[in-house]
Amino acid sequence: MTFQNSDKVTVSFAGLEMDGIYISQSGTNVIVKLKSGYNICVPETCCKKRSGGEEAAETAEIKPIEQNEKLPLLSIVSTGGTIASTVDYRTGAVSSKFTAEDIIRNIPELAEIARYHTVQPCNILSENMNPEKWQILARTIAFEINNGAQGVIVTHGTDTMLYSAAAVSFMLDTPVPVIFVGAQRSADRPSSDNAMNAVCAAKAAVSDLGEVAVCMHATSNDTVCAIHRATRVRKSHTSRRDAFQSIGREPAATIAYPDGDVVLAEDAVKRGEQKMALHDKLEPKCGLITYYPGMNPAVLDAFEGYKGLVIAGTGLGHVGTDCLPRLKFLTESGTTVVMTSQCMNGSVCDRVYETGRYLLDAGIIEGGSMLPEVALVKLMWVLGNAKDSEEVRRLMQTNLKGELDCDIRGDF
Amino acid sequence: MDYAALGLKAGLEIHQQLNTKEKLFCHSPTVIRNSDEHFGVVQRYLRTAVSEMGTVDRAAAEEAMQHRLFTYYTYDTTGLVEIDEEPPAPMNREALDIVLTIAKMFSMTPLPELHTMRKMIVDGSATSGFQRTALAALNGKIGEACRIETVAIEEEACQRVEDTIFSVDRLGIPLIEITTSPCMKTPEEVHDVAQHIGMILRSTGKVKRGLGTIRQDVNVSIADGARVEIKGVQELDLIAEVVRREVQRQLSLLAIRDELAARKASVPGLVQDVTKVFEGTASNVLKKAKCILATVLRGFDGLVGMEIQPGRRLGSEMSDYAKKCGVGGLFHTDELPAYGVTAEEVEKLRKETGAGPQDAVILVAATEAKCRCAMKMILRRANMAFEGVPEETRKMLEGGSTAYMRPLPGAARMYPETDVLPVTVTKEHFDSLVLPELLADKEARFMKEYGMDEGLAHQMVYSEKLPLFERAVAEGIRPMFAARTILASLKELSRGGYDASALPDEKILAVMHAVEKGNAAKEAVLEILTACAKGLSVRDAIAKVAPSFSRDELVNLVKSVVSERAEFIKERGKSALGPVMGVVMKEVRGRIDGKVVSEVLNSELEKFL
């Protein structure tokens, strides 16, 4: 017998007859939700369809939601993030409902901060993001700002949020805050961080900030969010709420919850400082590789024909000397190679040890204090926009969006 | 009281902590900590989440009326799962096997696959906002007339330190939840069934002991009343009283219902601001309040203050509802003038609100928002009085009365735990589980095999040291001696104010072995144990308290005593044994077994005579 979701069924098991609702199949067993709310799993043969039944599902009363026209307009750009998502437990699918009403119904406090326009350029897991989607994202955000959004909130899965945020920050000169926000703990739990992060993101989006940033819990507590610069943030924990940490610089702002007081850092880029501009070209044929002791230099052959390669080297920016000939071959055949460090903090310096000097001779570019992931995204953008290799080198060593502590001096 | 005529139906839900090494869904130890030792603090808000069916549970919605910041104490034994910063580990198999064993003892049928659910609780007692739970087995037997409906494996919640502060040490300890059918018809029967289930749980030897490690929830209803679930009865001795008092409460509420109908009472629902009436009042509560609201309940005079169970009135019920909004409680005219409120003020209040002598007036005092919220809840409860008994979840108060907690939860509080994979239980595995001997059977066996009287056997079987006793007997120690020594050692510990670690099982066992080998006298066991509890090793304790006395030494001693008292012995003959024994024992008490002394003395006397 085949069953469909929500079929009313009777289960005969353990000498009992129990009414329930068919949920799903599990091999030769079926999963049935009992009246108590428990799901049980019993052999399929124990389950029979039943007709009628009195249990009309209680449906919640749906009240219409009005947005306050006096409040500033924010755009919520969703890439499939968790703010308003609900999981369909029967199919495992994430509901694609995504209207301002849905969001406000889930997080009513948002209605007191702004009014919202929503747009969903894609609906994917963040590990399936790619440079092409970053471009779509940047264009969508630019469109929203040009249409009067006084701030933009981007909901995004946390796994690759820092790549997307960094990419948008290179492609877009924004006069208003563009705030990436996500949740570490699923939205279907009462303890989820999604609501607080969203409320803080909205507060940041109406604040005096004027750059692309990431808004997440600053600590494990539900008391303060940090606004991290898009080019200076890293997901540093697999599951904690405060996984996102600024590296090498203080966050651009902190936001107290639930009061919503925003404290901007002195060096934060302010609203209106940048003029709206979109430079959405990217060179996607770039790679990122982490060097490890004993790495077979032949690994580097895989990047032959690539326009750019970022290496996360050891310490001050080193690789084993047996890699030098291949690297030299790569740079000579037109691949831009940028050296960053696996150390989370500090700058690359290839002038201290011999290997470093050989690397410089081989034509690699020192990436300063750039995080390897950020250097990759920047390299894509620079290669997409610079007119020659001289400009590529210069731009890679120039602090464009806070990704470097300062411009890197060229050698005489 | 004729409970059969009242149509009393009661069922039990028993929660017992399991004594596993690790928690149910993480690797932290199942150790209860002193909250003063907490290492860190985590602060969180909880919101209601929508169930898989798209609805919000009514009980959860009511708990979430206040946006409260909860504080959680953490310890060096706390992991990330307990503070909801990491997905759960797979289910603890040790815990599951204990649950399945207990299910087997009730002749239940296990489910082939366990699906873990989230049971939403947003009162702060779970950091995630839910408790993980899975049905493990269905339909078992207990006694003649009762059935066990379900057995579930679930997580323990946090302990409340105070108000909104919780301690996460208890969170996640495995629990078994045993739900009976509503098969009990008298309060005493509820007690007996609970006691029997407790005995079965203890028979496994794998459940936690001590206050708070077992909690009974009781479901009670009478004909024309309603199902009420009373949470957290910790003491078995109170359980019958809780049922009795609930029956009394339901009867009183039904009587109030009938009286209201007879009086044609009504709840108009008008809420008035009476802050001005209490300007210059002497009442501390009212003086401090920014806002005082009042409502009139027509025809309720005298009924709001009527006692419905010891220490509880209809007014207390309304007050419980109001507290959901963060107010401290309420005042009603049945209890006024009192608490600093004067008769003149009450008169003024009645006039201002247009309340007649048949009417009751309810007051709340707090901020305006809290007052409005509280009034809504009070009116809700007042209207329920016309129906009689509302279905509720209640908590037990000291003595056995109860207070309102929240509405009975519905199925909407349950939704799947997507982070835990289903657990398979095969028939082979279930069949392979070995059932322990029931404590009741063990007690009978101890009486029969070891010659214990009923009191001793009962005490031994229900003692925490039962495993030690069984080990001692297995190692060849005489059962009666072992039982007496072990129980005495426990008494000794509590008398001296030592904790259990002061006298580990190994030491008690070593002392018993020393006696059995003749290295220490049975009479000195207590003193040796006391010395051990003070920190001495077993060897040092024996040497200090009672250096052992060899048979040869004894023979010499007896010989010299006999020769010293030669005349006396000649005079008295055999009957000199008693007095001479006394003289010898004075020297050797506790150093050599009395039996040996009488043996040696007998043979020496015979030689002499």
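All values reported here derive from a predicted model rather than from experimental measurement.

### Quick look at the overall build of chain A
Of regular secondary structure, chain A possesses eight helices and 21 strands. Oriented by its inertia axes, the alpha-carbon framework of chain A measures out at about 85 × 55 × 35 Å. When the 412 residues of chain A are sorted by exposure, 54% land in the buried category. Considering only contacts in chain A between residues 6 or more positions apart, those separated by 24 or more positions represent 66%. Between the mean site of the 40 positive side-chain charges and the mean site of the 50 negative ones, chain A shows a separation of 1 Å.

### Some remarks on the overall build of chain B
Each helix and strand in chain B was counted, giving 21 helices and 23 strands. Radius of gyration (C-alpha) of chain B: 33 Å, far over the 25 Å computed for a compact globule of 609 residues. Principal axes of the C-alpha set define a box for chain B whose edges measure 110 × 60 × 55 Å. Counting all 609 residues of chain B, 55% fall into the buried class. Total accessible area on chain B stands at roughly 26,200 Å², and carbon and sulfur atoms take up 51% of it.

### Digging into the sheet that holds strand β20 (residues 336–341) of chain A
Strand pairing in a sheet is mediated by backbone hydrogen bonds. Such pairs are either parallel or antiparallel. Residues and elements named next belong to chain A. Reading across from one edge, β18-β19-β20-β21 is the order of the four strands in this open sheet, with parallel pairing throughout. The strands lining the two open edges of the sheet, one partner per strand, are β18 (286–290) and β21 (365–366). Relative to β21, β20 runs parallel, the two being bridged by two bridges. Paired with Met339 across the strands is Glu366, a residue of β21.

### With respect to the packing of aromatic side chains
Summed over the entire model, instances satisfying the criterion amount to 15 aromatic pairs over all chains. For the pair A:Phe303 and A:Tyr306, a centre-to-centre distance of 5.2 Å together with 75° between the ring planes defines the contact as edge-to-face. Plain terms: the ring middles of B:Tyr321 and B:Tyr404 are 3.8 Å apart, the flat faces sit at 10° to each other, and that makes the pair stacked. Placement of the pair is B:Tyr321 in helix α7 (residues 314–323) and B:Tyr404 in strand β21 (residues 402–407), with a sequence separation of 83 residues. Connected via pairs of aromatic rings, a cluster forms that spans B:Phe70, B:Tyr72 and B:Phe166. Between B:Lys104 and the ring centre of B:Phe430, over which it is positioned, the NZ or CZ distance is 5.7 Å.

### As for the interface of chain A and chain B
Across the contact, 46 residues belong to chain A and 49 residues belong to chain B. For the pairing of chain A and chain B, the buried interface totals around 3,900 Å² over both sides, and the portion due to carbon and sulfur atoms is 55%. The interface formed by chain A and chain B holds seven salt bridges in total. Between A:Arg241 and B:Asp84 there is a salt bridge; the shortest N-O distance is 2.7 Å. Here chain A is connected to chain B by 21 residue pairs in polar contact (both at pLDDT 80 or more). Looking at the side of chain A that touches chain B, the elements that each hand over two or more residues are β2 (16–26), β3 (29–34) and β4 (39–43) of chain A. Taken together, the residues of the side of chain A that touches chain B break down into 20 nonpolar, 15 polar and 11 charged.

### Focus: the pairing of strand β13 (residues 228–233) of chain B
The side chains of a regular strand alternate between both faces of the sheet. Residues and elements named next belong to chain B. The pairing of strand β12 (residues 214–221) with β13 spans four bridges and is antiparallel. Each bridged residue has a counterpart across the sheet, and for Gln216 the counterpart in β13 is Val233. Connecting β12 to the next strand, β13, in antiparallel fashion are six residues, including Asp224 with a positive phi near 75°. Here β13 runs beside strand β20 (residues 392–396); their pairing, made up of four bridges, is parallel.

### Things to note about helix α3 (residues 161–171) of chain A
Counting buried positions over the 11 residues of α3(A) gives 10, a clear majority of the element. Residues A:Met161, A:Leu162, A:Ser164, A:Ala165, A:Ala166, A:Ala167, A:Val168, A:Ser169, A:Phe170 and A:Met171 constitute the buried set of α3(A).

### Topic: the state of the cysteines
One pass over the full model with this rule turns up two disulfides over all chains. With a sulfur-sulfur separation of 1.7 Å, B:Cys146 is cross-linked through a disulfide to B:Cys183. Its S-S torsion of about 80° marks the bond between B:Cys146 and B:Cys183 as right-handed, since a negative value means left-handed. Highlighted residues: B:Cys146 in strand β8 (residues 146–155) and B:Cys183 in the loop between β11 (174–180) and α4 (187–203), separated in sequence by 37 residues. Both residues of the pair, B:Cys146 and B:Cys183, belong to the buried class. Shown here is the disulfide that connects B:Cys325 with B:Cys373, its sulfur atoms set 2.0 Å apart. On the S-S bond that ties B:Cys325 to B:Cys373, the torsion sits near -70°, and the link is left-handed. In this pair, B:Cys325 sits in the loop between α7 and β18 (331–332) while B:Cys373 sits in helix α9 (residues 368–384), placing the two residues 48 residues apart along the sequence. Accessibility expressed as a relative area gives 5% for B:Cys325, which makes it buried. When the cysteines engaged in disulfides are numbered in sequence order, chain B pairs them as 1-2, 3-4. Between A:Cys215, a free cysteine, and A:Cys225, which holds the nearest cysteine sulfur, the sulfur-to-sulfur gap is 4.1 Å. Note on A:Cys406: no disulfide assigned, nearest cysteine sulfur contributed by A:Cys349 at a separation of 12 Å.

Parameters and conventions
- Residues numbered from 1 in each chain as written.
- Chains lettered and ligands numbered in written order.
- Predicted model: local features only at pLDDT ≥ 70, side-chain atom pairs only at ≥ 80, totals over all residues.
- Heavy atoms only, no water.
- Helix = DSSP H or I, 4+ residues; strand = E, 2+ residues; numbered from the N terminus.
- Buried < 20%, exposed > 50% of the residue type's maximum accessible area, 1.4 Å probe, protein only.
- Contact = heavy atoms within 4.5 Å.
- Lys, Arg positive; Asp, Glu negative; His and termini not counted.
- Charge placed at Lys NZ, Arg CZ, Asp CG, Glu CD.
- Rg over C-alpha atoms; globule rule 2.2 N^0.38 Å.
- Areas by Shrake-Rupley, 256 points an atom, 1.4 Å probe, with all protein chains shown as cover.
- Pairing = 2+ DSSP bridges.
- Phe/Tyr/Trp six-rings, centres within 6.5 Å; stacked < 30°, edge-to-face > 60°.
- Lys NZ or Arg CZ within 6 Å of the ring centre and 35° of its normal.
- Buried area = accessible area lost by both parts, 1.4 Å probe.
- Salt bridge = Lys/Arg side-chain N within 4 Å of Asp/Glu carboxyl O.
- Polar contact = N/O pair within 3.5 Å; in protein donor to acceptor, adjacent residues only side chain to side chain.
- Nonpolar A, V, L, I, M, F, W, Y, C, P; charged D, E, K, R; others polar.
- Disulfide = S-S within 2.5 Å.

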